[in-house]
Amino acid sequence: MKFRLLLLLIVSGILLGAPSTVFATAQFISDSGAMAPLCLPGDDSLTGDDCQAIGPSGYLASLEQQGVILPLEPLPAVYIDAAYTELPFNYVRLSEDAVPIFSSLDDATRNNNPYRSISVGPTKYASYIDYSSGNGNGKYYMIEPGMWIRGGSTTGRVAAPSYVGMQFAGTPSRQFGWVIYQTESYKEPGSSAPLSGHTLKKYDPIQVYQTTEVNGVAWYLVAPGEWVDSSFTALVYPTTEAPAGVSNGRWIEVNLYEQTIAIYQDNRLIFATLTSTGIAGWWTQPGLFQVNEKLDTTPMSGSFEANFADYYYIEDVPWTMYFDQSRALHGAYWHNLFGYEQSHGCVNLSPGDARWLFYWANVGDYVYVWDPSGQTPTDPAVYTAGGA
């Protein structure tokens, strides 16, 4: 009956030559008999009891309550140039316990008279400047002028990660970050909610419009009707306030809980990306530090186990910036697990990100390392010199 009455009013208006505003002021008849116009999307002239917030207007209003305003505003950012991913060396992973090094290609092809050997633990990488097929008899790598290793001593060439972070034109107003493990979003917070049908891929950027907790797990609203389990993400917490002790508005922020890095200049976010810091037992130490040395490339090696089972040997680590004893920000060409703890205390970056940061940073720039969860020890006595 109500629908017929409304339809009759509209049709009558058309037949009587009523102006087009009939459509804009169509009446909603409530159960009490009161009549009120529908709220129009984007029209703030009618509020509260003046209009009925249903339909498109009601949908937009419900989104606003969740912090979502359509159209969605993109991050003020672009990915850095892919040219930053170009490395100064090529690399191979060494697979043998003792890798012989030969002083000539001929000796290497005949496996004769090794000059010396690399004898280290399970993690070892060498850089090379040339390679040869050895007249069709396998591959051979020149690791320094005149010095060769046999391809059989390696698992082959390393494909360095191509992931890069984003350069910002302004500081975002909300938390943002990346998906670090492919997942499908949910229509509501909680793993028992229906799936949205939309898959978020690894390294997809996200913005967080609302956070809620379900069964002890934080869930993020990343788009209208799309919720993601926080454990599949890594976030940046944008700020315009420098950490205590930073007086020049210029600092590198390392978030140990989220495994992200944010770079600030003039108290404004200019770059952000994923990182890999120290695993439990070899944490990256929280605190305020300063870059004290920059090296285009440097070798890294060390062990923290008494039996040397974790000994590592990594040649020509690119774009290295030391800030806390042996702990450094540097490129990591040997893994692609940014967003997860991986190191012996250093702050691993993709080669492209490390190069961008290396060009931006100066000796003396501040490095602020913190863990918003409070889980990382802060007692300096817990920490050794650190490592890669």
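Residues numbered from 1 in each chain as written. Predicted model: local features only at pLDDT ≥ 70, side-chain atom pairs only at ≥ 80, totals over all residues. Heavy atoms only, no water.

1. Section: the overall build of the chain
Operational definition: Where helices and strands are cited, they refer to DSSP runs of H or I of at least four residues and of E of at least two residues respectively, numbered from the N terminus. Think of it in three bands: residues with accessible area under 20% of the maximum for their type are buried, residues over 50% are exposed, and the middle band is partly exposed, with areas taken using a 1.4 Å probe on protein chains only. Any pair of residues with heavy atoms lying within 4.5 Å of one another is described as a contacting pair. What sets the accessible areas is the Shrake-Rupley method with a 1.4 Å probe; for residues, cover comes only from the shown protein chains.
When you go through the chain residue by residue, the secondary structure sums to 5 helices and 29 strands. Considering the chain as a whole, with its 388 residues, one finds that 44% of them fall into the buried category. Taking the contacts inside the chain whose residues are at least 6 apart along the sequence as the reference set, 64% of them involve residues at least 24 apart. A total accessible area of about 19200 Å² is found for the chain, and carbon and sulfur atoms account for 51% of it.

2. Here's the deal with the packing of aromatic side chains
Put simply, the test is: Aromatic rings from Phe, Tyr and Trp, taking only the six-membered ring of Trp, are treated as a pair when their centres fall within 6.5 Å; an angle between ring planes under 30 degrees marks them as stacked, one over 60 as edge-to-face, and anything in between as tilted. Placement of a charge over a ring requires the Lys NZ or Arg CZ to be within 6 Å of the ring centre, with the centre-to-atom vector within 35 degrees of the ring normal.
Counting across every chain of the model gives 22 aromatic pairs. Ring geometry for tyrosine 237 against tryptophan 370: centres 6.1 Å apart, planes inclined by 80 degrees, an arrangement best described as edge-to-face. Here the residue tyrosine 237 occupies a position in the loop between strand E20 (233-236) and strand E21 (251-255), and tryptophan 370 occupies one in strand E29 (residues 366-370), the gap between them amounting to 133 residues. The ring of tryptophan 360 carries the charged tip of arginine 250 above its face, separated from the ring centre by 3.9 Å.

3. Examining the nonpolar core
What counts, and what does not: Nonpolar cores were defined as sets of buried Ala, Val, Leu, Ile, Met, Phe, Trp, Tyr and Cys residues, with membership established by side-chain atoms within 4.5 Å.
Core analysis: the biggest nonpolar cluster contains 32 residues, and Phe168, Phe176, Trp178, Leu274, Ile314 and Trp334 have the highest contact counts within it. Mapped by element, the contributors of at least two residues to this core are strand E12 (166-168), strand E13 (176-179), E20, strand E22 (260-265), strand E23 (268-274) and strand E26 (312-324). If you tally residues by element for this core, the top one is E26, at 4 residues. Apart from residues lying up to four places away in sequence, phenylalanine 176 is in contact with Leu75, Phe168, Ile206, Gln207, Ala234, Leu235, Val236, Pro238, Leu269 and Ala272. Among the nonpolar cores identified, the runner-up in size contains 25 residues, and Val254, Phe323, Val367 and Val369 belong to it.

4. Remarks on the pattern of salt bridges
Close approach of charged atoms lets side chains of opposite charge pair. As a reminder of what qualifies: Only one rule defines a salt bridge in this text: a Lys or Arg side-chain nitrogen within 4 Å of an Asp or Glu carboxyl oxygen.
If you walk through the whole model with that rule in mind, you get 5 salt bridges. Salt-bridge contacts for aspartate 106 lead to arginine 110; the nearest nitrogen and oxygen are separated by 2.8 Å. With aspartate 106 and arginine 110 both in helix H4 (residues 105-110), this residue pair falls 4 residues apart, about one helical turn. Its relative accessible area of 47% is what places arginine 110 among the partly exposed residues.

5. Structural notes on the confidence of the model for the chain
Convention followed: The predictor attaches a confidence to each residue, called pLDDT, with possible values from 0 through 100.
Predicted confidence across the chain gives a mean pLDDT of 86, with 80% of residues reaching 70 or more. Note on residues 1-33: pLDDT under 50 across the span, and 24 contacts to partners over four residues away in sequence or across chains.

6. Considerations on the environment of glycine 387
Inspection of the secondary structure puts glycine 387 in the segment after E29. The class of glycine 387 is buried, set by a relative accessible area of 4%. Through-space distance from the C-alpha of glycine 387 to that of threonine 284 is 9.3 Å; in sequence the pair is 103 residues apart.

7. So, the pairing of strand E7 (residues 123-128)
Our working definition: Pairs of strands are assigned from DSSP output, requiring at least two bridges between the strands.
Within E7, 5 of the 6 residues are buried, which leaves the element mostly enclosed by the surrounding structure. Here 4 bridges tie strand E4 (residues 90-94) to E7, and the two strands are oriented antiparallel to one another. Its bridge partner being in E7, arginine 93 is matched across the sheet by tyrosine 125.

8. Focus on the sheet that holds E22
Filter applied, for reference: Where helices are involved, their axes are fitted lines through C-alpha atoms of the stretch in contact, as for all axes, and angles between N-to-C directions lie from 0 to 180°.
In spatial order, the strands read E3-E12-E23-E22-E21-E29-E24; together these 7 strands make up an open sheet with mixed pairing. One side of each edge strand has no neighbouring strand; the edge strands of this open sheet are strand E3 (77-79) and strand E24 (287-290). Averaged over all pairs of adjacent strands, the angle between their axes in this sheet comes to 20 degrees, without regard to strand direction. Direction of pairing for E21 relative to E29: parallel, over a ladder of 5 bridges. Counted as the bridge partner of valine 254 is valine 369 from E29. Against the sheet, helix H5 (residues 351-360) contacts E12, E21, E22 and E23, and its axis sits at roughly 150 degrees relative to E23.

9. A look at the sheet that holds E20
Across the sheet, which stays open at both edges, the 3 strands sit in the order E16-E13-E20 with antiparallel pairing between neighbours. Of all the strands in the sheet, the pair left with one neighbour each is strand E16 (205-207) and E20. Ignoring strand direction, the axes of neighbouring strands in this sheet form an average angle of 30 degrees. In the sheet, E13 pairs with E20 via 4 bridges, with the strands oriented antiparallel. Bridging across to E20, glycine 177 finds its partner in leucine 235.

10. Topic: the side chain of aspartate 365
Note the threshold: What qualifies as a polar contact is a pair of N or O atoms within 3.5 Å, subject to a donor-acceptor requirement within protein and to the restriction that residues adjacent in sequence count only when both atoms come from side chains.
With respect to the helices and strands, the residue aspartate 365 is situated in the loop between H5 and E29. Of the residues examined, aspartate 365 reaches a relative accessible area of 4% and is grouped as buried. Here the side chain of aspartate 365 touches asparagine 362 through a polar contact of 2.7 Å, landing on its backbone nitrogen. For aspartate 365, the contacting residues outside a window of four places in its chain are Arg250, Phe289, Gln290, Val291 and Trp360.

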